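Next come the chains, spelled out residue by residue.
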Amino acid sequence: MVKSAAVTRLDRQIALVLAAVVIGLLVRATPLDLLPGDAGEFQFAAWAFGLAHATGYPLYLLAGGAWQHLWALVGVAPAASLNILSAVFAGVAASLFYLLLLRWMPGEGVAPRLAAMLATAFFVANPTLRSQALQAEVYTLHAVLLIAILWAAQDVTTAEGAPAAARPLARRFATLAFLFSLGLTHHATTLLLAPALLVYFTVWQRAWWRNGRAWLWAIPAGLLPLLLYLYVPLRSGPDASPWYHQRLGNETLTLYDNTWPAFLNFITGRSISVGFNNLEAALAGVPTALVLWLRHFEWAGLLLMVVGIYVLIRVRNWPVLALTLTYFATQQIFNLFYAIGDIFVYYIPLYLVACIWIAFAGAGIGSGFQFTEPLAPANATSPPLAQQNRARWGTPLLALLFVLPLQLWIAYTPLFEQLKLESAATRQQWEAILAASPPDGAILISNDRNEIAPLFYLQAVEGRGVGLTGLFPLIAPQPRFADVGATIQTALDAGNAPPVFLIKPMPGLESRFSLDERKPPLVAVMGEAATSPSVAVDAAYGPLTLLGYTWTPTDAGVEVALTWQVNAPPPENYTTTVQIFDGADAKLGQEDRPAGGVYYPTSLWKAGETLVDRRTVTLPPDATPVWMLVGMYAGPEAKMLAEPLKIPLNRD
């Protein structure tokens, strides 16, 4: 049986104060306007009780939408209120975490409370959790649910095992099953906690699974939250989620078709999953993981984690030790193998485990590592006076350790102040776009999904730009949206020829398309780039063919426009070099720049495309160019795509 310290009225009051302080500190730094990316998506999806990206997050969208509409009654913008909700969830997580730790802490008096506060301070000051607490995101609610699951698991192991208590024990199992399933429907990685819970209960009591009454209560309680996923098919239609059914010329671009296969792929995340790393790639990610740990806890925090594990062993709290070590290993291994760009947010559960260990370290330090039993209950006999004297140094030292999370908080504060600037820049960007008056039915394109998300907020919440379509690469898992070039071509090929605009200049795309920048910040896409060179060459160059070039004198030299035919995609991004020589083979000028620029590099070029690669070469005033060298190279070692072409000049 796992003993539990009593949580007093004072502890509950401290927890409320902690929640209020955390919420107050976070709200001060929270942006009160729309945001790009996932946060921007949640801001409009929750308001309309519509659909967000997989896995759907129905609990968050329901709670968030209700919260937004409640605060809208007193004039708070939906974007602001949903950002603030993340801060509220962070405050709730802090208070619950403090109370959970108190139930686990060895000893009594001031030291356990200080230890729980220290761990909570580390958790709140954690840069990744803090970043998610300042914007409309799902991870602070995820933290609340994980802590609630741990609380419910601890409740099960502290229940009396006598027959008279069988029903209370079954109810506690039911509560645990309900919370676990609720967490699973919110974020699928909650499943990674399951092995740790199984180990926890097995260490506590080997025959725990034989309790038939507990299963009788737990199974229906665990199935009930799964009904939340009915939200996905019910709210996926054009009325609730118009951004999932955008107009694309004469067709409708439907991102969710409400079939059973689509539903299963959606709620499991398979529709957006980028897969898993192989063993070699996972091991290559270990140094990055170590950097994350060091940046989030520094050496002192990592040392406290080790001390906390030692204290768990010292007090023989095998269930909690097994729970935390198993969960830590499972989540960390998953993070190394899961191939997703924002893997850093998946470390929040790991940081939660680390803070549990820090709490036990604090309890050990505060008591001078004087423990008389595995977990001393609140009514335990006071330790001998000699032990009390030996432990006197512990409490002041424990109080000094609060400098560590405070330092962490201060160090990252300037970084999070940038979030308000990012929000202001997002609003400014889209106000400028709408001020450029794109025509109704126009297609707006960015290379970045994050930049397009605010358009849907303007449409769903503010009723502006309703007739516009927003596209970005990978908006749908189809080759026609594989990259920005394919996405633009898809828009140009749409029936009824809607006008197509880039929402910002994208240098390099002029090699593939004819662009017009007369309505900044919008750039009109007029069609494919003109690809008829004035001088034919028709020379093979690796997977390309140089069809020819156009020679245009300038005040400082010459613009050379190379016309390439793509026979096969180049294997990586290459830089084009154009070097001009006179009759004595003396170099007159040279320019080297990445082919296709930033936004359409050679790795995106496709077989069958014809592109124009422009280079401006400065020449001496009295120069007489006779021939030029054209080639492509990649990497710091300047690896050539093929042998450079030596081309006699025809400047007529």
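Small disclaimer: the values here were computed from a predicted structure and weren't measured.

(A) Examining the sheet that holds strand β13 (residues 610-618) more closely. Across the sheet, four strands lie side by side as β8-β9-β10-β13; this open sheet has antiparallel pairing. With one partner strand each, in any of the chains shown, β8 (535-541) and β13 form the two edges of the open sheet. Adjacent strand axes in the sheet meet at a mean angle of 25° when their direction is disregarded. Inspection of the sheet shows strand β10 (residues 557-566) paired to β13 by nine bridges, in the antiparallel sense. Considered in β13, the bridge of Val558 is made with Val617.

(B) Focus on the packing of helix α4 (residues 78-104) against helix α16 (residues 348-366). At a minimum axis distance of 11 Å, the contact between α4 and α16 shows a crossing angle of 45°. Relative to α16, the element α4 is oriented oblique. Two packed elements cross with a definite hand, and for α4 against α16 that hand is right-handed. Two secondary-structure elements touch here, α4 through Phe97, Leu101 and Trp104 and α16 through Leu352, Cys355, Ile356, Ala359 and Phe360. Along the lines of polarity and charge, the residues of the contact of α4 with α16 split into eight nonpolar, no polar and no charged.

(C) The packing of aromatic side chains, seen in detail. Scanning the entire structure with this criterion turns up 31 aromatic pairs. Between Phe44 and Phe456, the ring centres sit 5.6 Å apart and the planes meet at 70°, which makes this aromatic pair edge-to-face. A residue pair is termed long-range when its members are at least 10 positions apart, and Phe44 in helix α2 (residues 37-47) and Phe456 in helix α20 (residues 449-460) qualify at 412 residues. Each of the two residues, Phe44 as well as Phe456, counts as buried. Their ring planes at 50° and their centres at 5.3 Å tell us that Phe276 and Tyr338 sit as a pair that is tilted. Of this pair, Phe276 sits in the loop between α12 (260-267) and α13 (279-284) while Tyr338 sits in the loop between α15 (318-337) and α16, and the two are 62 residues apart along the sequence. The buried category is assigned to Tyr338, whose relative accessible area is 13%. Clustering of aromatic rings is evident, with ring pairs tying together Phe122, Trp293, Phe297, Phe328, Tyr347, Tyr351 and Trp357. Between the NZ or CZ atom of Arg130 and the centre of the ring of Trp409, over which it lies, the distance is 3.6 Å.

(D) Region of the structure containing α20. When the terminal C-alpha atoms of α20 are compared, their 17 Å separation across 12 residues agrees well with the 16 Å that a helix rising 1.5 Å per residue should span. With respect to burial, α20 is a largely interior element, nine of its 12 residues being buried. Of the surrounding elements, those touching the buried residues of α20 are α2, α4, β1 (245-248), α19 (403-435), β3 (443-445) and β4 (469-471). For α20, the side-chain oxygen to backbone nitrogen distance between the N-cap and Asn450 is 2.9 Å, and the N-cap itself is Asp448.

(E) Just a nonpolar patch on the surface, in detail. Among the surface-exposed residues, Phe178, Leu224, Leu227, Leu230 and Leu234 lie close enough to one another that they form a single nonpolar patch of about 500 Å² accessible area. Within the secondary structure layout, Phe178 lies in helix α8 (residues 166-186).

(F) Up close: the packing of α15 against α16. Contact pair α15 / α16: the axes reach a minimum separation of 9 Å and the direction vectors enclose 150°. Judged by the inter-axis angle, α15 sits roughly antiparallel to α16. Our pair here, α15 against α16, has a crossing hand that is left-handed. Along its contact with α15, which presents Val320, Thr324, Leu325, Tyr327, Phe328, Gln331, Gln332 and Asn335, the element α16 presents Pro349, Leu350, Val353, Ile356, Trp357 and Phe360. Considered class by class, the residues forming the contact of α15 with α16 number 10 nonpolar, four polar and no charged.

(G) Up close: the pairing of strand β2 (residues 251-254). Relative to β2, β1 runs antiparallel, the two sharing four bridges. Bridging across to β2, Gln246 finds its partner in Leu253. Count of turn residues in the β1/β2 antiparallel hairpin: two residues, of which Gly249 carries a positive phi of about 65°.

(H) Focus on the environment of Ala174. Counting through the fold element by element, Ala174 comes out in helix α8. Owing to a relative accessible area of 9%, Ala174 belongs among the buried residues under this scheme. Considered as a pair, Ala174 and Ile219 are 45 residues apart in the sequence and their alpha carbons are 7.5 Å apart.

(I) Quick look at the pairing of strand β9 (residues 544-553). Pairing between β8 and β9: five bridges, direction antiparallel. Considered in β9, the bridge of Ala539 is made with Leu546. Hairpin connection from β8 to β9: two residues lie between these consecutive antiparallel strands, with Gly542 at a positive phi of about 60°. Relative to β10, β9 is paired through nine bridges, and the arrangement is antiparallel. When the sheet's bridge partners are listed, Thr545 is paired in β10 with Gln565.

(J) Expanded view of the pattern of salt bridges. What the rule picks out here adds up to 18 salt bridges. Salt-bridge contacts for Arg427 lead to Glu462; the nearest nitrogen and oxygen are separated by 2.8 Å. Pair noted here: Arg427 is in helix α19 and Glu462 is in the loop between α20 and β4, with a separation of 35 residues, a long-range link. According to the relative accessible area criterion, Arg427 is buried, its value standing at 17%. Between Asp483 and Lys606 there is a salt bridge, with the nearest N and O atoms lying 2.9 Å from each other. Placement of the pair is Asp483 in the loop between β4 and α21 (484-493) and Lys606 in the loop between β12 (587-594) and β13, with a sequence separation of 123 residues. Residue Asp483 is classed as buried on the basis of its relative accessible area of 9%. In this structure Lys606 comes out as partly exposed when scored by relative accessible area, which is 26%.

(K) Main features of the nonpolar core. With 206 residues, the main nonpolar core has Trp104, Phe201, Phe297, Ile580 and Met628 as its most contacted residues. The biggest single contributor to this core is α4, with 17 residues. Setting aside residues no more than four positions away along its own chain, Phe201 makes contact with Ala153, Val156, Thr157, Phe173, Leu176 and Trp208.

Rules used throughout
- Residues numbered from 1 in each chain as written.
- Predicted model: local features only at pLDDT ≥ 70, side-chain atom pairs only at ≥ 80, totals over all residues.
- Heavy atoms only, no water.
- Pairing = 2+ DSSP bridges.
- Helix = DSSP H or I, 4+ residues; strand = E, 2+ residues; numbered from the N terminus.
- Axes fitted to C-alpha atoms, helices over the stretch in contact; angles between N-to-C directions.
- Parallel < 35°, antiparallel > 145°, perpendicular 65-115°, else oblique.
- Left-handed = near helix turned anticlockwise from the far one by under 90°.
- Contact = heavy atoms within 4.5 Å.
- Nonpolar A, V, L, I, M, F, W, Y, C, P; charged D, E, K, R; others polar.
- Phe/Tyr/Trp six-rings, centres within 6.5 Å; stacked < 30°, edge-to-face > 60°.
- Buried < 20%, exposed > 50% of the residue type's maximum accessible area, 1.4 Å probe, protein only.
- Lys NZ or Arg CZ within 6 Å of the ring centre and 35° of its normal.
- Expected span 1.5 Å × (residues − 1).
- Polar contact = N/O pair within 3.5 Å; in protein donor to acceptor, adjacent residues only side chain to side chain.
- Patch = residues over 30% accessible without salt bridge, like charges linked within 9 Å, V, L, I, M, F, W, Y side chains within 5 Å.
- Areas by Shrake-Rupley, 256 points an atom, 1.4 Å probe, with all protein chains shown as cover.
- Salt bridge = Lys/Arg side-chain N within 4 Å of Asp/Glu carboxyl O.
- Core = buried A, V, L, I, M, F, W, Y, C linked by side-chain atoms within 4.5 Å.

These figures come from the coordinates and say nothing about function on their own.
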